[in-house]
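Reading the structure
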Amino acid sequence: MNEVLDFLKKSGTFYLATIEDDQPRVRPFGAVCEFENKIYITTSNQKKVYQQILANPKVEISGMSEDKWIRVTTTLVPDERREPKTAMLDANPSLRGMYSEDDGKMAVLYFDHGTASIESFTEPKKTIEL
């Protein structure tokens, strides 16, 4: 898990793919944190991406760092508790300009099982179970 978290942090921007009806949707994300041994991301519960995740929580995430890329296949689970929201805001202070723990719009979601692969053109593929 730590290797996946570190890779996503180093990539800065990573891309989350969801499905809306029969159409793939991909958008950039950048905030990630660890809480209770789980990887979390955040978004607004007012955005379409959140509704897409609720309708179909299976997602893929992809990002690059240096000459490597990561692909994460997982299921996202919303966590309504205040504590993971605080952890996300503490790990990503720039989010405090958009969200607060009690604003009613901040949503945090954790990776529930899945796999990650880290690949490059020069090294063998590494697979990590989440």
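Above this note sits the structure.
As a starting point, this report considers the structure included with it. (Residues numbered from 1 in each chain as written. Predicted model: local features only at pLDDT ≥ 70, side-chain atom pairs only at ≥ 80, totals over all residues. Heavy atoms only, no water.)

**Details of the packing of aromatic side chains**
- In this structure the tally under the stated criterion is four aromatic pairs.
- Ring centres 6.4 Å apart and planes at 25° place the aromatic pair Phe14 and Phe29 in the stacked group. Taken together, the residues Phe14 in strand 1 (residues 14-20) and Phe29 in strand 2 (residues 23-29) connect sequence positions 15 residues apart. Per residue, the accessibility class of Phe14 equals that of Phe29, and both read buried.
- The interplanar angle of 55° and the centroid separation of 5.6 Å between the aromatic rings of Tyr40 and Tyr110 together place this pair among those described as tilted. Here Tyr40, found in strand 4 (residues 38-44), pairs with Tyr110, found in strand 7 (residues 106-120); they are 70 residues apart in sequence, far enough to count as distant.
- Connected via pairs of aromatic rings, a cluster forms that spans Phe35, Tyr40 and Tyr110.
- A cation sits over an aromatic face here: Lys38 above Tyr110, 4.3 Å from the ring centre. (Phe/Tyr/Trp six-rings, centres within 6.5 Å; stacked < 30°, edge-to-face > 60°. Helix = DSSP H or I, 4+ residues; strand = E, 2+ residues; numbered from the N terminus. Buried < 20%, exposed > 50% of the residue type's maximum accessible area, 1.4 Å probe, protein only. Lys NZ or Arg CZ within 6 Å of the ring centre and 35° of its normal.)

**Here's the deal with the side chain of Thr18**
- By the secondary structure assignment, Thr18 is in strand 1.
- By relative accessible area, Thr18 is classed as buried at 2%.
- Within the local environment of Thr18, its side chain forms a polar contact with the side chain of Gln52, the two groups lying 2.6 Å apart.
- Once you skip the residues sitting within four places of it in the chain, Thr18 turns out to touch Gln23, Pro24, Arg25, Arg27, Val49, Gln52, Ile53 and Val59. (Polar contact = N/O pair within 3.5 Å; in protein donor to acceptor, adjacent residues only side chain to side chain. Contact = heavy atoms within 4.5 Å.)

**Notes on the environment of Asp6**
- Secondary-structure assignment places Asp6 in helix 1 (residues 2-11).
- Owing to a relative accessible area of 42%, Asp6 belongs among the partly exposed residues under this scheme.
- Residues Asp6 and Glu34 lie 28 residues apart in sequence; the distance between their C-alpha atoms is 9.9 Å.

**A word on the pattern of salt bridges**
- Here the structure, examined in full by the defined rule, presents nine salt bridges.
- Arg25 serves as the salt-bridge partner of Glu20, at 3.0 Å between the closest nitrogen and oxygen.
- Classification of Arg25 by relative accessible area gives partly exposed; the value is 33%.
- Its salt-bridge partner being Arg81, residue Glu36 comes within 2.8 Å of it at the nearest N-O pair. In this pair, Glu36 is assigned in the loop between strand 3 (32-35) and strand 4 and Arg81 in the loop between strand 6 (68-79) and helix 3 (82-91), connecting sequence segments 45 residues apart.
- Overlapping salt bridges bring together Glu36, Asp79 and Arg81 as one network. (Salt bridge = Lys/Arg side-chain N within 4 Å of Asp/Glu carboxyl O.)

**Some points on the pairing of strand 1**
- Pairing of strand 1 with strand 2 involves seven bridges; the strand directions are antiparallel. Its bridge partner being in strand 2, Leu16 is matched across the sheet by Arg27.
- Between strand 1 and strand 2, which pair antiparallel and follow one another directly, the connecting turn spans two residues, one of which, Asp21, has a positive phi of 60°.
- Note that strand 1 and strand 5 (residues 58-65) share four bridges and pair antiparallel. Within the sheet, the bridge partner assigned to Phe14 lies in strand 5 and is Gly63. (Pairing = 2+ DSSP bridges.)

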